[in-house]
Amino acid sequence: MRNAIKAFVLFLILPFSLAASHATLTSTDVRKVMNQFFEYHVDQKEMTSLLIERTLKIYIEDFDSHQTYLLDSEIKTYLHPDKKTLQSVLSDYQRDHFSIYFNLNSVIQTSIARSRQWRQEWSQDPLKLVAEAKAVTERSSSSDKSFAKSESDLRQKHHDHFVRFIAFQLEQQPRTLDPGKEGALVALCEKQFSTIENPYLGLGDQGELLKAEAQEHQVYLRMLKAMAHSLDAHTAYYSPEEAMAMKVQLEKGMCGLGVVLHEGLEGVVIADILKGGPVEKEGSLTKGDIIVEIDGKLIKSYSFAKVLDVLRGGVGSKTVLGVLSGEEQTFHSVQLTRAMITIEDKRVDISSEPFGDGVIGKLTLYSFYEGADGVTSEKDLQKAIDQLKAEGPLHGLVLDMRENSGGFLSQAVRVAGLFISSGVVVISKYSNDVMKYYRAVDGSRQFEGPLVVLISKGSASATEIVAQCLQDYGIAVVAGDTQTYGKGTIQHQTVTNDKTSSFFKVTIGRYYSVSGKSTQIDGVRSDIVVPTALNFEKVGEGYQDFPLSSDRVAPAFDDPLTDVDPYVKRWFSKFYLPALQAKVTTWEPMIPTLQANSQKRLDQNTNFEIFLKKIKHEDDPKAKASHGMNDLQMDEAVNIVKDMIFFLLF
């Protein structure tokens, strides 16, 4: 159940056609899908004993990532299979036989039944469970990552896990839990645990027994997820629901009602309303309203997944919601028409602060997106820069990409192209050693002043392409955590392909910056370290399962045009090569002084001292104090920009 114990908050985003078109997986589909992976993958080209061993381990970890369900003795032979077993499983794979996974699933089913018995026993005293949950602290989390040797130890681990989840749900409540609601809270947590467990038991969303082929589909789905992940850290197989959620993030658009729903104590609650969606335009629904009817039918007995399923529909289709509103819980009905919605939030934040006769701009880019309706990160950033310039002379700029985990490669190239004239932004190399150069060809720069790129260990993929490119050309000074995430691989995905029969992403190559560097594992190194909350955490490619290795290629500052079609090479020679971005040498000799100035400011900043103690988890009274409401890293990035401006002046 990797990543499953988290907020049960979902967008209503899945078009009806996608859900309806998803075929039931059978045994013969497994090799067919995996052959697609092997065809594309940069390194792995066939199923091997090593991949089988990884797959069994991942199947177990995906279910019991906290080691709170299974005994060591129950899964030892699956976690550490001998060579004979691996050869047998590999032979079975070639014949579309997968009995070992069904046997493993039976072990999991037994563990779920045992755990449900325990939780039923503990739930008899909800007051005690809630009291234990209120006593949970961040340091209460178990550091034991091994499987229990005895049933008594396992029982305690599962109890602690359940209590921590209740504590999490307590934090999600909009107000303090009312006396007498303890039983309802525990029942909600049990319901959500059961929702996660049911597919392993062959049960549907409502707890109903599924037909045999549907049960087998669930096993094959989990097998494919495990097999895909065994290839490398970023190759993945998705269910239609997961694929659509990913598509929304990439394209910043969806069809639906424009609400975020949360399963709370009182039922299905409207947790947020999306700008520009049907619900906002209709105007009578508010956050906190409880949905009790859909199209005249009471939904009290529905699972959360069924509520989402019932609410799905195509563009132009209508639905009627019955809701309870306000403290008086007044009932009213609202008719809504589903529509396409452009996601406005989490695109680009724009702010500035006065400096001299102009401003220093602050832009936060959350992802690299490209929607069918023309919404792109490049266009949004271009508009943001124009908006800042309209405020007055733009003396400096901070481009904040902390926690930006990436997106479309094409958008990374275009965003970098806003800051360089022309030239290679990134180089890709595929399994057949074919090299492709991705170029900015516009010939102009949208901003040429002091630029700081703010990063963290959560900055990955497309973000690293942009940050490394601007650092390589000397255009920007990079500040933030010691390094970025370290994802230097390229994935092909079918998520945004409406005609695909299966949804996946697969690693097809490695990418390199114009200097020939790979960001794989090592990431982009900050010129000036300004730690964020992630700086001392074990976050990054190097901590993932099965990361690909790193290497280098030849630099491409002098673009060789080796991959350019001869018919268009004349255009490149005439218009592109003369505008190639020269390496800027202004900032490199200033880095030591910029570093020293920044460190001096941070050392004298009491709030930053408190912040550092917090993120280092130091046992110091100061670590419990408040470090204020300011964005300390952004404040320091602006100060670095000011230093850069002064260096230019003097």
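Further up the page is the structure itself.
Below: a short report on this structure.

Rules of the game
- Residues numbered from 1 in each chain as written.
- Predicted model: local features only at pLDDT ≥ 70, side-chain atom pairs only at ≥ 80, totals over all residues.
- Heavy atoms only, no water.
- Buried < 20%, exposed > 50% of the residue type's maximum accessible area, 1.4 Å probe, protein only.
- Helix = DSSP H or I, 4+ residues; strand = E, 2+ residues; numbered from the N terminus.
- Pairing = 2+ DSSP bridges.
- Contact = heavy atoms within 4.5 Å.
- Axes fitted to C-alpha atoms, helices over the stretch in contact; angles between N-to-C directions.
- Core = buried A, V, L, I, M, F, W, Y, C linked by side-chain atoms within 4.5 Å.
- Expected span 1.5 Å × (residues − 1).
- Patch = residues over 30% accessible without salt bridge, like charges linked within 9 Å, V, L, I, M, F, W, Y side chains within 5 Å.
- Areas by Shrake-Rupley, 256 points an atom, 1.4 Å probe, with all protein chains shown as cover.
- Salt bridge = Lys/Arg side-chain N within 4 Å of Asp/Glu carboxyl O.
- Phe/Tyr/Trp six-rings, centres within 6.5 Å; stacked < 30°, edge-to-face > 60°.

### Regarding the pairing of strand β13 (residues 394-400)
- Extensive coverage of β13 is indicated by the burial of six of its seven residues.
- Across six bridges, strand β12 (residues 358-365) lies against β13 in parallel orientation. Across the sheet, the residue bridging to leucine 363 is leucine 399, located in β13.
- As paired elements, β13 and strand β16 (residues 451-455) share four bridges and run parallel to each other. Of the residues in β16, the one forming a bridge with leucine 399 is valine 453.

### Quick word on unusual backbone geometry
- Even without being glycine, glutamate 403 reaches a positive phi, approximately 65 degrees.
- Tracing the backbone shows glutamate 403 in the loop between β13 and α15 (409-417).
- Glutamate 403 sits in the partly exposed class, given a relative accessible area of 47%.
- Positive phi is not limited to glycine here, since leucine 561 has a value of about 55 degrees.
- Topologically, leucine 561 is positioned in the loop between β20 (528-529) and α17 (566-576).
- Residue classification places leucine 561 among the buried positions, given a relative accessible area of 4%.

### Notes on the sheet that holds strand β17 (residues 477-480)
- The strand order across the open sheet built from six strands is β11-β12-β13-β16-β17-β20, with neighbouring strands paired in mixed fashion. The sheet is open, and its two borders are formed by β11 (348-355) and β20, each paired with just one other strand.
- Of the strand pairs in this sheet, β11 and β12 are connected by eight bridges, and their pairing is antiparallel. In the strand pairing of β12, serine 352 is matched with glycine 361.
- Along the sheet, helix α14 (residues 377-391) contacts β11, β12 and β13; its crossing angle with β12, the most-contacted strand, is approximately 160 degrees.
- Here helix α20 (residues 632-649) sits on the sheet in contact with β11, β12, β13, β16, β17 and β20, set at roughly 145 degrees to β13.

### Some words on the nonpolar core
- One finds Tyr101 and Phe419 to be the most contacted residues of the largest nonpolar core, which totals 121 residues.
- Broken down by element, this core gets its largest block of residues, nine residues, from helix α10 (residues 212-231).
- Setting aside anything within four residues of it in sequence, one finds phenylalanine 419 in contact with Ile385, Leu397, Leu399, Arg445, Phe447, Leu451, Leu470, Ile475 and Gln581.
- If you look at the next biggest cluster of nonpolar residues, it comprises 25 residues, including Ile360, Ala479, Met590 and Phe611.

### What about α14?
- Spanning 15 residues, α14 covers 21 Å between terminal C-alpha atoms, matching the ideal 21 Å at 1.5 Å per step.
- All buried positions along α14 are accounted for by Ser377, Asp380, Leu381, Gln382, Ala384, Ile385 and Leu388.
- At the exit of α14 stands glycine 392, carrying a positive phi of roughly 145 degrees.

### Observations concerning a nonpolar patch on the surface
- On the surface, a nonpolar cluster with roughly 290 Å² of combined accessible area is contributed by Val441, Trp571 and Phe575.
- Residue phenylalanine 575 is classed as partly exposed on the basis of its relative accessible area, which comes to 48%.

### A few points about the packing of aromatic side chains
- Going through the model one piece at a time under the given rule, you end up with 20 aromatic pairs.
- Ring geometry for phenylalanine 355 and phenylalanine 646: centres 5.9 Å apart, planes at 65 degrees, overall edge-to-face. Highlighted residues: phenylalanine 355 in strand β11 and phenylalanine 646 in helix α20, separated in sequence by 291 residues.
- Phenylalanine 355 gets classed as buried once you look at its relative accessible area, which sits at 15%.

### With respect to the environment of aspartate 96
- You can see aspartate 96 is positioned in the loop between α5 (83-94) and α6 (99-122).
- Between the C-alpha atom of aspartate 96 and that of leucine 409, which follows or precedes it by 313 residues, the distance is 36 Å.

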